[in-house]
Structures are given as structure tokens and as C-alpha cells.
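What the coordinates show
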Amino acid sequence: MSICKGIARKRGRNPIGIFIHNDAGSKNANYAYYKNWLPKHNLENGFAHYYVCSDGTLQAEDDSNMAWHCGNEYGNTNYLSIEVCQSMGNLTTFKKNETKALKLAAKLCKKYGITPNSSTIKLHREVYPTGCPHRSVEIHGGTVSKTKNYFIKKIKEYMGDKTTTDSGIVFTYAVKLTDGTILPSVKNTNDFAGIRGKKIAAVSIKVNKGKVKYRVHVLGGKWISWKTGYDFNFKNGKNGYSGNENKAIDAIQIIYTAPSGIKKKVKYRVSSVNGDYYSWQIGTEKTNGQDGYAGNYKTAIDRLQITVK
Ligand SMILES: [Zn+2]
């Protein structure tokens, strides 16, 4: 059940666009704040589907429900709403939140088949007398049209990033759980491999172009030797997958060698059981705060994503 419990009712069809808001909240109005505040707030005074903050993104209402976010019936009925939070605080923090919000908008556009343009990506002040989104307008040229153009351009760019089909490189991968269940394979970021809350025991990976090798780290144990094969049935332990029987794993490393002339890398991430994803890891790089592997020794993982960078 969502925090706002469908109070504005079900939409009954897919959203046709997205409103980008600024919350005009203080720097302290972050994820933790909204999570606590929204259930006590009189929702008739307004709420949005998503609150994008420096400490996380809060989904306060399901996409399939409406939200009272823009004071305009058509907008409330047909559009999703994203609040870029901490808009009264530090500019760097706000800009980071805005980027995250636009990436989220890109994901939602893909999910619902929304083409970003002037009628699908909307600002609150287009339909209601408000300064919202005050900070975004201020930093993107001072007008509605300039701000919208920036949003649309970025959302389109982020939608492109996700497809990664320009190179045609596709990673196909599957996982086996500690209870022995083998889950269907997935490709790139079309989905993730795993089930939230269920520990992963083994991984199998292949790629359609170039070469991939991989290994996993057993929880409380060590790294298993590198594997290059792919065996969706998880029977060929010699080379078809990486894992030690049904023991939980806590980290993974992947090395990708692209065909000559193609400058592409592998990018992957895992999430702790019932937790959030850790940062993306590129190959075995250790620059920019990367660990050289995805995961965290001593914490079992439940989801895996692999794609092209
Ligand atoms: Zn607004």
C-alpha cells in the first residue's frame, strides 16, 4: 500500500505525461522528512507521486493512482508528478536531485510509452498561478519554455542511455537462489535478475559480442575462480556459472572485452537483500570511489543488473 493510499483514486489508464515540480521545501525536507511528514499531512493540500531527495527517492503514490499535485483537474487526472526536493537549499544538492528526477522521468516515459515533448513534460506554473518549479526555472534560463526545453532534452538523452542498443551489445544473465530456484534470464537493464528479499547463490552470464568473464564472492567465504561459460540450467559448475552450491553470495566482478574497434565497457550493480542498489561498478575499475567489484562483503545480495557502458 502506498503512503497516500490512493486517496485521489485510480486513474484507470496509463499516465500521458509528467509534471516536474520543485518542492520549495528547506534543505532539511529530504526523503526521511517526507516519509515521516506525508502520512500526517492533509493530503488535500497537495502531494506528488515522487519526492526526489539527496538521501533517496520516495514514491508516495502508485503510478496507477492520481495525485493532487498541480491544482488543475486535467493535470492531476492524467499526469504523473515528480517533486525535485530541497529546492530552497544548496544549489549543488538541488541540481543533483534535479538530474535524478529527470532520469526518473526518463524511466517513466519509457515505461508508459510517453514521448517527451512540450505537451507531455509540464511545469506547474503552466496550469496554475505558482512560482513552481522556481529553482529549476531560475537556473535554466528564467522562462517556462527554456526550462521545458532543458527538461525535454535531458529526458530524451537519459532515455537513450538506458537502451544502450546503439552498440548492439546485449548481456544475458540469470541467477540461482539459495533455495535452488533458477530464475528466468534477463537482458541488459530490461529487468533485473533476482527477487527482492531472496538471496542469490549463483550467476551465469553471456554476451552476444566480445567476451565476458565473471566471478562471485561467497558470503563468509572467498572469490570463486573466473568463469566464461553460460549455462542457464546451472549444471555445468566447471565453467557454466559462478557460485558454490547454494551458498549466498555477496559480491560479483565482471570483465568485458569488447570487439576491436568498439569502445564499450560493462556496467553492473547489485542490491543488498531487501535494500537499495549499491552504485554501478564499471568492469573492475577502482577509480571514482569504485571498489573494483559490485557488492559489499558480508551482505547477501538479491538483485543484479548488467548492461553496457
Ligand atoms: Zn509544483
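Residues numbered from 1 in each chain as written. Predicted model: local features only at pLDDT ≥ 70, side-chain atom pairs only at ≥ 80, totals over all residues. Heavy atoms only, no water.

1. Some words on the overall build of the protein
Operational definition: Helix and strand definitions follow DSSP, with helices as H or I runs of at least four residues and strands as E runs of at least two, each counted in order from the N terminus. In this setup the radius of gyration rests on C-alpha atoms only. A globule is expected at 2.2 Å times the number of residues raised to 0.38. When a residue's accessible area, from a 1.4 Å probe over protein chains only, is under 20% of the maximum for its type it is buried; when over 50% it is exposed; and in between it is partly exposed. In what follows, a contact means two residues having at least one pair of non-hydrogen atoms within 4.5 Å. Think of it this way: Lys and Arg go in the positive column, Asp and Glu in the negative one, and His and the chain ends go nowhere. Where a charge lies is defined by one atom per residue type: Lys uses NZ, Arg uses CZ, Asp uses CG and Glu uses CD.
Scanning the protein from N- to C-terminus turns up five helices and 16 strands. For the protein, the C-alpha radius of gyration of 21 Å lies close to 19 Å, the compact-globule estimate for 309 residues. Looking at the protein as a whole, 49% of its 309 residues qualify as buried. At a minimum sequence separation of 6, the contacts of the protein that also span at least 24 residues come to 70%. Across the protein, the centroid of the 48 positively charged side chains sits 6 Å from that of the 23 negatively charged ones.

2. Focus: the side chain of Asn-188
What counts is decided by this rule: Polar contacts here mean pairs of N or O atoms no more than 3.5 Å apart (in protein, one a potential hydrogen donor and the other a potential acceptor; neighbouring residues in sequence count only if both atoms are side-chain atoms).
Examined against the element boundaries, Asn-188 turns out to sit in the loop between strand S7 (186–187) and strand S8 (193–194). Take Asn-188: its relative accessible area is 7%, and that puts it in the buried class. There is a polar contact of 3.2 Å between the side chain of Asn-188 and the backbone oxygen of Ile-169.

3. Remarks on the nonpolar core
Nonpolar side chains in soluble globular proteins generally cluster together in the buried interior. Applicable threshold: To qualify as a nonpolar core, a set must consist of buried Ala, Val, Leu, Ile, Met, Phe, Trp, Tyr and Cys residues joined through side-chain atoms within 4.5 Å.
Judged by nonpolar contacts, the single largest core of 30 residues is most densely connected at Phe-171, Val-203, Ile-205, Ile-252, Ile-254 and Ile-306. If you list the elements that add at least two residues to this core, you get strand S6 (171–177), strand S9 (200–207), strand S10 (211–218), strand S12 (249–257), strand S13 (266–272) and strand S16 (301–308). Ignoring any residue separated from it by four or fewer positions in sequence, one finds Phe-171 in contact with Val-186, Lys-187, Asn-188, Ile-205, Lys-206, Val-207, Val-212, Tyr-256, Val-266, Ile-306, Thr-307 and Val-308. If you look at the next biggest cluster of nonpolar residues, it comprises 25 residues, including Phe-94, Ile-114, Ile-121 and Ile-155.

4. What to know about the sheet that holds strand S2 (residues 50–53)
Our working rule: At least two bridges found by DSSP between two strands are what make those strands a pair. For helices, the fitted axis covers only the stretch in contact; all axes are lines through C-alpha atoms, and the angles between them, taken along N-to-C directions, range from 0 to 180 degrees.
As summarised here, the arrangement of the five strands in space is S3-S2-S4-S1-S5, forming an open sheet in which the pairing is mixed. Two strands close off the open sheet at either side, each with one partner strand: strand S3 (56–59) and strand S5 (121–123). Between one strand axis and the next, the sheet turns by 25 degrees as a mean value, whatever way the strands run.

5. Remarks on the coordination of the zinc ion
Our working rule: For Na, K and Ca the donor cutoff is 3.2 Å, while for all other metals N, O and S atoms must lie within 2.8 Å; water is not among the atoms, so some sites may look incomplete.
Bound to the zinc ion on the protein side are His-21 (ND1), His-124 (ND1) and Cys-132 (SG), at distances that span 2.1 to 2.2 Å. Ordering the donors of the zinc ion by residue number gives the pattern H-x102-H-x7-C. Residue His-21 is located in strand S1 (residues 17–22), and its partner Cys-132 is located in the loop between S5 and helix H4 (134–139); the two are separated by 111 residues in the primary sequence. For the pair His-21 and Cys-132, one class covers both residues: buried.

6. A closer look at the packing of aromatic side chains
For any pair of aromatic rings, the description consists of the separation of the ring centres together with the inter-plane angle of the planes. Cut-off, in case you're wondering: In this analysis, rings of Phe, Tyr and Trp, with Trp reduced to its six-membered ring, are considered paired at centre separations within 6.5 Å, and the interplanar angle assigns stacked below 30 degrees, edge-to-face beyond 60, and tilted for intermediate values.
Per the counting criterion, the structure on display carries 13 aromatic pairs. Judged by centre distance (5.1 Å) and plane angle (75 degrees), the ring pair of Phe-19 and Tyr-79 falls under edge-to-face. Remark: Tyr-79 occurs in strand S4 (residues 79–84) and Phe-19 occurs in strand S1; sequence separation between them is 60 residues. Classification of Phe-19 by relative accessible area gives buried; the value is 1%.

7. So, the state of the cysteines
Stated precisely, the cut-off is as follows: The criterion for a disulfide is a pair of cysteine sulfur atoms lying within 2.5 Å.
For the coordinates displayed, the defined rule picks out zero disulfides. With no disulfide partner, Cys-70 has as its closest neighbouring cysteine sulfur the one in Cys-132, 9.8 Å distant. With a relative accessible area of 0%, Cys-70 lands in the buried category. In this structure Cys-109 is a free cysteine whose sulfur lies 16 Å from that of Cys-70, the closest cysteine sulfur available.

8. Focus: the pattern of salt bridges
What counts here: By definition here, a salt bridge exists when the distance from a side-chain nitrogen of Lys or Arg to a carboxyl oxygen of Asp or Glu is within 4 Å.
One pass over the full model with this rule turns up five salt bridges. Put simply, Lys-154 and Glu-157 hold a salt bridge, and the shortest N to O gap is 3.5 Å. Taken together, the residues Lys-154 and Glu-157, both in helix H5 (residues 144–163) and three residues apart, mark about one turn of the helix. In the salt-bridge network here, residues are joined through shared partners; they are Lys-122, Glu-126 and Lys-148.

9. Focus: the environment of Ile-301
Here Ile-301 lies in strand S16. Residue class for Ile-301 comes out buried when judged on its relative accessible area of 2%. Sequence-wise, Ile-301 and Val-273 are 28 residues apart; in three dimensions their C-alpha atoms are separated by 4.9 Å. What Ile-301 contacts, discounting residues up to four positions off in sequence, is Lys-198, Lys-199, Ile-200, Ile-249, Asp-250, Val-270, Ser-271, Ser-272 and Val-273.

10. Focus on the pairing of S16
In terms of residue burial, S16 counts as a mostly covered element, since eight of its eight residues are buried. As defined by bridge partners, S8 adjoins S16 across two bridges and the pair is classed as antiparallel. Bridge pairing links Gly-194 to Arg-303 in S16. Note that S13 and S16 share seven bridges and pair antiparallel. Considered in S16, the bridge of Tyr-268 is made with Ile-306.

No statement about biological role is implied by the geometric values presented.
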